[in-house]
Each structure stands twice: as C-alpha cells, then as structure tokens.
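# Architecture at a glance
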Amino acid sequence: MKTLDIIVPCYNEAECVEAFYHGVEEALRDVEVEWSIIYVNDGSKDDTLPAVKALADSAGEARVKYLSFSRNFGKEAAIYAGLSHAQGDYTVLMDADLQHPPALLPQMLAAMEEGYDCCGARRVTRQGEPKLRSALSRLFYKLINRVTEMQLVQGGSDFRMMTREVVQAVVSLQEHERFTKGILSWVGFRTKWIDYENVERVAGTTKWSFGGLVRYAVSGFFAFATAPLRLAVWIGMLTAALATVCAVAVFIQALFESGPRTGYATIVLLIMFFGGLIVFLLGVIGEYLARIYAEVKKRPLFIVNDTNIA
Ligand code: UDP
Ligand code: MG
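Residue numbers here run from 1 along each chain, matching the order of that chain's written sequence. Written order decides the labels, with chains lettered from A and ligands numbered from 1. For a predicted model such as this one, the threshold for reporting local features is a pLDDT of at least 70, and the threshold for listing and counting side-chain atom pairs is 80 or more; totals across whole chains, interfaces and linings nevertheless cover every residue. Only hydrogens and water are set aside when side-chain values are computed; all heavy atoms of the structure are taken into account.

Another aspect to go through is a nonpolar patch on the surface. Each patch groups residues whose relative accessible area exceeds 30% and which form no salt bridge, using 9 Å between like charges and 5 Å between nonpolar side chains of Val, Leu, Ile, Met, Phe, Trp and Tyr. Methods summary: accessible areas were calculated by the Shrake-Rupley approach with a probe of 1.4 Å, and residue burial reflects only the protein chains presented. By definition here, a salt bridge exists when the distance from a side-chain nitrogen of Lys or Arg to a carboxyl oxygen of Asp or Glu is within 4 Å. Taken together, the side chains of Leu 132, Leu 136, Leu 139, Phe 210, Val 214, Val 218 and Phe 222 make up a nonpolar region of the molecular surface, amounting to roughly 630 Å² of accessible area. For the nonpolar patch, the leading source of residues is helix α8 (residues 210-224), giving four residues. Within the secondary structure, Leu 132 sits in helix α5 (residues 131-147). Put simply, DSSP marks the helices as runs of H or I at least four residues long and the strands as runs of E at least two long, and each gets a number from the N terminus on.

Note on donors: an N, O or S atom is included if it sits within 2.8 Å of the metal, or within 3.2 Å for Na, K and Ca, and water is never included, so sites can look incomplete. Those donors, Asp 97 (OD) and Gln 99 (OE1), are the protein atoms that reach the magnesium ion (ligand 2), and they lie 1.9 Å from it. We classify Asp 97 as buried; its relative accessible area is 3%. Judged by relative accessible area, which is 23%, Gln 99 ranks as partly exposed. The cut-offs for exposure are 20% and 50% of the maximum accessible area for each residue type, with area from a 1.4 Å probe on protein chains only; residues under the lower value are buried, those over the upper are exposed, and the others partly exposed.

Our next topic: the sheet that holds strand β5 (residues 118-123). One bridge is not enough; two strands pair if DSSP finds at least two bridges between them. Pairing within the open sheet is mixed, and its seven strands lie in the order β3-β2-β1-β4-β6-β5-β7. Every interior strand has two partners, whereas the edge strands, β3 (64-68) and β7 (191-196), have only one. In this sheet, neighbouring strand axes are inclined to one another by 20° on average, regardless of whether the strands run parallel or antiparallel. In this analysis, axes come from line fits to C-alpha atoms, helices being fitted only over the stretch in contact, and the angle between any two N-to-C directions falls in the range 0 to 180 degrees.

What follows concerns the site of ligand 1. The local shell around ligand 1 holds 17 residues, among which Glu 13, Asp 97, Gln 99, Thr 206 and Lys 207 are the closest. For ligand 1, whose free accessible area comes to 530 Å², the fraction covered by protein is 89%. Residues are sorted three ways: Asp, Glu, Lys and Arg are charged, Ala, Val, Leu, Ile, Met, Phe, Trp, Tyr, Cys and Pro are nonpolar, and all the rest, Gly among them, are polar. Across the shell around ligand 1, the residue classes break down as five nonpolar, four polar and eight charged. Nearness is judged by heavy atoms alone; a residue qualifies as near a molecule or strand once a single heavy atom is within 4 Å of it.

Mapping Thr 180 onto the fold places it in helix α7 (residues 180-187). In terms of polar contacts, Thr 180 uses its side chain to reach the side chain of Glu 76, at 2.5 Å. Setting aside residues up to four positions removed in sequence, Thr 180 forms contacts with Glu 76, Ile 79, Leu 93 and Tyr 216. In protein, a polar contact requires one atom able to donate a hydrogen and another able to accept it; more generally it is a pair of N or O atoms within 3.5 Å, and residues adjacent in sequence count only if both atoms are side-chain atoms. Any pair of residues with heavy atoms lying within 4.5 Å of one another is described as a contacting pair.

Joining through side-chain atoms within 4.5 Å is the link that ties buried Ala, Val, Leu, Ile, Met, Phe, Trp, Tyr and Cys residues into a set, and such a set is a nonpolar core. Counting 35 residues, the largest nonpolar core has Leu 4, Ile 6, Tyr 39 and Leu 105 as the members making the most contacts within it. No other element matches helix α4 (residues 105-114), which puts five residues into this core. Of all hydrophobic cores here, the second largest spans 34 residues; its members include Met 162, Ala 169, Leu 184 and Phe 189.

Okay, structure coming up:
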C-alpha cells in the first residue's frame, strides 16, 4: 500500500488540531492508503503543542507525528521542516484550519496514481475575502508571471500533493527567503489542478495581517524577479539619450538665435545627461548583483525527472 504524509504548519491552531485530524480521517476512510499527519508547531503561543501531543497519544505515533519549533519561524520554514522530514510515497501540504478541504485528498491521490508528479488545488472563488486583497493578489500574479520565468496559476494554493521526487527537488532549493508557490513552479514536473470553492476557516483567526501579506508578496517577488535590478539600465540609457537629443536641438537653435546667452539649457542638459549615465552604471552594477544573487541561492542547475542511467 502507498504511504501518504500530510504536512500541517500550525501557528496558534489549538482549536483546529483535532478537527483537522477528524476531517482527514473522514476523507480517507475508504481510501487504500497508509496516511500519517506531521504537525509542525511553528512556535505557537497557545495550546497547540499539548493538543498535538494528546492527539498523538490517542491516535498513535503511526498516525500523528509532530515537530515543534523553538519560536515562530513562519509558515515557509514550517513547510520546509515538514518536507525535509517526510518519508511517504506521497506528501501533501495542508493548512490546519480546514480551508484546504480534506475531501479533495482522494481526488489528488487518484491523480498521483494516474501518473502525475504533483497535484494542486486551485481556488476558483475568493468569497469571504476583502475586495482589495483579491485585487492586489490578482495584480501580484500578473506581475510575477510577466517579469519572471515562472508561471503561477491564479488561485493556486499551497495545498499540493507530490511524489518523493518533487519533495526532494523542493528540499534541494536551500534558499532562506522561501516562497513555496514559486519554488513548486520553478522545479517543474507534471502538475494536475483541481478546482475548489473557497472555505472559511473552522476556528481561530487568520495569521495574516494585511501588512504581512504585502511583505510576503514582496519577498516572493524579489526571490524570483531580478527585473528591478535591471530596470536602471533602461532608465539610465533613456535619460542619457533624451539629454543628448535635447542638447543637439538646443545647439541648433542657438546657431540661429541672436541676443545674450543664459546657459540655462546647458546646465539642465548636463545634469540630465550625467544623471542618466550614473543610473545606467547603477544598472550595470545591478546586472552583476543579479548574477551574484542567483549564485548565492545555490539552486540546482537542473532537476532530473526520469533517466535510465543507474
Ligand atoms: N502558519 C504558520 N506559521 C505562521 C503563520 C501561519 O505555520 O507564522 C500556518 C497556520 O497555522 C495555517 C497556515 O499557516 O495552518 C495558513 O495560515 P492562515 O490560515 O492564517 O492563512 P490564510 O488561510 O488566512 O491565508
Ligand atoms: Mg487559513
């Protein structure tokens, strides 16, 4: 029988721990799979850890495992910790608040059996979410898809099931500023998408403040996009070119004009030209910085999906 590891990052989710377990138990009752949940307690300040321990005692260690952080390191760190401890044939990432419906698990398992390497859930509605948040989120996807080599799926969540190969690939990216959605897109593999309707969390409150989300988006953007570093090259070049064209125009005009010279145009154009030159040189430095950035992340050069070389 295939084994499934369910990784659940938990930050102050005491009220959700047990409900989550029962949700999964219910969904996988009639499915041929040996499953276990790995709760990753991300430095919760409430009774999440005692709740998880109690559950591990009653359900058994084969069903409920846990890792507990010394403090709050963030969801990305919790996902990484969970993935690096996963051993199952399949691994799935899920939120503790049941916003990722366990009822989708059988469909996801079926997709894996069909031969997909990865199966993700895509939210088709954003009901119950503030309008501004939805709009900004859509903007974020548009922007990141345009300026990076990644293609993120609109509404695609972290609710992903993957094979061991995909887990190993994700763990092989060791960068510190992690953005799992981007990483999952970066590693590639054949992915199937399943649609689902937005669900409200069962208990507790969201851990994301508006500012937190903006910071997350910005960090995700800069983890994959080096376009801003290159922007300076273009801005600088355009400014310097514009200054040169204007200078020529002013020079020609001066030839046909009589009367006293003010020197005003010369000064403005010189400032513009050297401003452009400086920004251009900053852009050149940016190009090198972009390369250094890519090197320090030490991402693998490739990920093998299939081979017949032993
Ligand atoms: N989470 C975490 N560490 C954090 C923040 C959140 O492990 O610092 C977990 C949280 O417990 C939940 C999941 O990440 O299981 C998603 O968080 P939440 O439901 O608050 O986000 P939302 O669904 O509102 O986007
Ligand atoms: Mg949630």
